Amino acid sequence: MSRTSFKSLLSARGWLLADGATGTNLFAMGLESGEPPEFWTVDRPENIRALHQGFVDAGSDIILTNTFGCNRHRLKLHKASGRTAELNEKAARLAGEVAEKADRPVIIAGSVGPTGEIFEPAGTMTMEEGVEAFSEQIAALAEGGVDVVWIETMSAEEEVRAAVTAAKKAAPGLPVVATMSFDTAGRTMMGVTPARFAALAGELGLDAFGSNCGTGSPDLLAAVLEMTEAAPEAVVVAKANAGVPEFIDGEIHYSGTVELAGTYARLALDAGAKIIGGCCGNSFDHVRAMHEALSGYEKGPRPTIDGIIARAGPLTQNAAGHVCAHGHDHGADDAAPRRRRRRRR
Ligand SMILES: [Zn+2]
């Protein structure tokens with residue numbers, strides 16, 4: 001199937017289905033703690049192909065490249081900052097191979113995650129350094145053939161600005177999407193509210209924006225309501241985790257059932273999201289359930305927070321004792337619990 005443009009597919013359809021978890025599903029395929037998933041693009045490409053194929057088979061219209069931590073700062077932790085361009089370009093090509101074999105249009109979104117550094121004024125990373133690092137990554141993603149630049153799991157306004165500036169510089173003409181994680185009592189870790197992000201997205205001219213990861217789907221849906229209220233005409237993205245991560249016997253478990261994934265997908269559409277998918281904890285089955293729930297579904301009335309709670313469960317953002325390690329399952333960040341598990345065995 002020939003590749004299509006993100007914008008034409010969006011305008012032709014009422015909604016698009018994104019994919020599910022990368023980290024969670026690669027751990028299920030044997031990725032070890034501390035091992036950057038990005039290395040598998042070269043070392044175990046069959047697994048990355050299987051990841052993309054699983055989501056395409058489940059009905060995803062958009063698949064994200066295996067490049068979440070593929071910037072020079074994150075790769076430096078694995079002495080691989082010199083491989084930034086290679087790993088990004090190859091990951092884009094791998095996803096492209098899967099998309100081209102599909103019997104319908106599938107969009108390749110070049111995943112761009114945070115650098116892991118704190119930007120000025122709270123930290124030491126300058127805007128210039130940030131733009132440079134993101135430009136290196138995004139240029140390679142574009143070289144590999146991505147259809148859209150997909151900036152995700154962001155917490156700081158400055159880092160979003162740096163990544164978007166880099167996208168416009170390094171991949172002019174490609175659509176740009178950005179999502180933030182509102183995982184700290186309804187704000188990002190750095191204090192950004194969903195309404196503030198909606199205003200920023202307008203200022204930056206993003207093609208779509210929204211929320212991914214964080215805590216449970218009710219919290220994410222509440223953020224979607226806030227964003228669609230602030231920007232009713234915008235293309236808003238909802239990519240919720242499959243419930244809340246909990247450590248049980250030293251292993252990460254997600255409380256969200258496949259059934260809940262379908263309920264969440266319909267609520268997200270009702271709340272005004274146009275791109276719907278899952279983040280951490282979402283298996284192929286979760287994404288398939290979203291596809292089944294959305295196919296033929298007629299958009300319902302805009303839900304209230306109480307309506308979301310009644311159908312999808314309580315808000316978790318202030319729940320005591322729940323595990324909320326930011327970006328916990330996007331790569332090597334859940335190393336601690338898995339080490340504990342291995343030691344006990
Ligand atoms: Zn996530």
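Analysis parameters
Residues numbered from 1 in each chain as written. Predicted model: local features only at pLDDT ≥ 70, side-chain atom pairs only at ≥ 80, totals over all residues. Heavy atoms only, no water. Helix = DSSP H or I, 4+ residues; strand = E, 2+ residues; numbered from the N terminus. Rg over C-alpha atoms; globule rule 2.2 N^0.38 Å. Buried < 20%, exposed > 50% of the residue type's maximum accessible area, 1.4 Å probe, protein only. Contact = heavy atoms within 4.5 Å. Axes fitted to C-alpha atoms, helices over the stretch in contact; angles between N-to-C directions. Parallel < 35°, antiparallel > 145°, perpendicular 65-115°, else oblique. Left-handed = near helix turned anticlockwise from the far one by under 90°. Nonpolar A, V, L, I, M, F, W, Y, C, P; charged D, E, K, R; others polar. Core = buried A, V, L, I, M, F, W, Y, C linked by side-chain atoms within 4.5 Å. Patch = residues over 30% accessible without salt bridge, like charges linked within 9 Å, V, L, I, M, F, W, Y side chains within 5 Å. Areas by Shrake-Rupley, 256 points an atom, 1.4 Å probe, with all protein chains shown as cover. Salt bridge = Lys/Arg side-chain N within 4 Å of Asp/Glu carboxyl O. Expected span 1.5 Å × (residues − 1). Pairing = 2+ DSSP bridges. Right-handed = clockwise from strand over helix to strand, strands pointing away. pLDDT = per-residue confidence, 0-100.

Engineer: What is the right way to look at the overall build of the protein in this model?
Structural biologist: Scanning the protein from terminus to terminus reveals 14 helices and 10 strands. Scaling as 2.2 N^0.38, a compact globule of 345 residues should have a C-alpha radius of gyration of about 20 Å, and the protein matches this with 18 Å. Principal-axis analysis of the C-alpha atoms gives the protein an extent of 50 × 50 × 45 Å. Residue burial in the protein is summarised as follows: out of 345 residues, 58% are buried. Taking the contacts inside the protein whose residues are at least 6 apart along the sequence as the reference set, 80% of them involve residues at least 24 apart.

Engineer: I would appreciate a short explanation of the packing of helix H7 (residues 127-143) against helix H8 (residues 157-170) in the present structure.
Structural biologist: The relative placement of two packed helices comes down to the angle between their axes together with the axis-to-axis distance. Close contact between H7 and H8 brings their axes to 8 Å; oriented N to C, the two are set at 50°. Relative to H8, H7 is oriented oblique. Helix-helix and strand crossings are classified by hand; for H7 and H8 the assignment is right-handed. Facing Met127, Gly130, Val131, Phe134, Ser135, Ile138 and Ala139 of H7, the residues of H8 in contact are Glu158, Glu159, Arg161, Ala162, Ala163, Thr165, Ala166, Ala167, Lys169 and Ala170. Classifying every residue of the contact of H7 with H8 by side-chain character gives 10 nonpolar, 3 polar and 4 charged.

Engineer: What is the right way to look at the nonpolar core in this model?
Structural biologist: Buried together is how nonpolar side chains tend to be arranged in soluble globular proteins. Phe134, Ile151, Val160, Phe197, Leu206, Phe209 and Tyr264 are the most contacted members of the largest nonpolar core, which totals 76 residues. Once you skip the residues sitting within four places of it in the chain, Phe209 turns out to touch Ala178, Phe197, Ala198, Ala201, Met227, Ala231, Ala234, Val235, Val236 and Val237. Phe6, Val148, Val177 and Ile275 belong to the second largest nonpolar core, which has 16 residues in total.

Engineer: Would you explain a nonpolar patch on the surface in this entry?
Structural biologist: Residues Ile118, Met189 and Met190 make up a contiguous nonpolar surface patch of roughly 280 Å² in combined accessible area. Within the secondary structure, Met189 is located in the loop between strand S5 (176-180) and helix H9 (194-204). For Met189, a relative accessible area of 48% corresponds to the partly exposed category.

Engineer: I'm lost on helix H6 (residues 84-101) in this one. Help?
Structural biologist: Structurally, the α-helix is built with 3.6 residues per turn, so residues lying three or four positions apart point the same way. An ideal rise of 1.5 Å per residue puts 26 Å on 18 residues; H6 measures up with 27 Å between its terminal C-alpha atoms. Listed as buried for H6 are Thr84, Leu87, Asn88, Ala91, Ala92, Leu94, Ala95, Gly96, Val98 and Ala99. In the core, the buried residues of H6 are packed alongside helix H3 (40-43), helix H4 (45-58), strand S2 (62-64), helix H5 (72-76), strand S3 (107-112) and H7.

Engineer: Please explain the packing of H4 against helix H12 (residues 284-294) as it appears in this structure.
Structural biologist: Interaxial distance between H4 and H12 falls to 8 Å at its minimum, and their mutual angle equals 25°. Compared by their axis directions, H4 and H12 come out roughly parallel. For H4 against H12, the interelement crossing comes out right-handed. Along the contact surface, H4 presents Ala50, Leu51, Gly54, Phe55, Asp57 and Ala58, while H12 presents Phe284, Val287, Arg288 and His291. A breakdown of the residues in the contact of H4 with H12 according to their chemical character gives 6 nonpolar, 2 polar and 2 charged.

Engineer: Is there a simple way to explain the pairing of S3 in this structure?
Structural biologist: Residues in a regular strand project their side chains so that they alternate between the two faces of the sheet. Burial within S3 is extensive, with 6 of its 6 residues counted as buried. Alternating positions in S3 separate into two faces, Ile107, Ala109 and Ser111 on one and Ile108, Gly110 and Val112 on the other, with burial throughout. Inspection of the sheet shows S2 paired to S3 by 3 bridges, in the parallel sense. Each residue of the ladder has a partner; that of Ile62, found in S3, is Ile107. Here S3 runs beside strand S4 (residues 148-154); their pairing, made up of 4 bridges, is parallel. In the sheet register, Gly110 faces S4, and the bridge partner there is Val149. Running through H7, the crossover from S3 to the neighbouring parallel element S4 is right-handed.

Engineer: How should the confidence of the model for the protein be read in this particular structure?
Structural biologist: Residues shown with low pLDDT carry predicted positions that ought not to be read at fine detail. Looking at the protein as a whole, the pLDDT averages 91, with 90% of positions reaching at least 70. Contacts of residues 319-328 to residues separated by more than four positions or lying in other chains number 22 contacts, the stretch itself having pLDDT below 50.

Engineer: Can you walk me through the pattern of salt bridges in this structure?
Structural biologist: A pair can form between side chains of opposite charge whenever their charged atoms are brought close. Tallied over the full model, the rule gives 13 salt bridges. For Arg72, the salt bridge identified is with Glu132, shortest N-O distance 3.3 Å. Separated by 60 residues along the polypeptide, Arg72 in helix H5 and Glu132 in helix H7 bring together distant segments of the chain. Judged by its relative accessible area of 44%, Glu132 is partly exposed. Linking Arg288 and Asp285 is a salt bridge whose minimum nitrogen-to-oxygen distance equals 2.8 Å. Here Arg288 and its partner Asp285 are both found in helix H12, 3 residues apart, which amounts to about one turn of the helix. Look at the salt bridges and you will find they share partners, linking Glu157, Arg161, Arg196 and Glu203 into a network.

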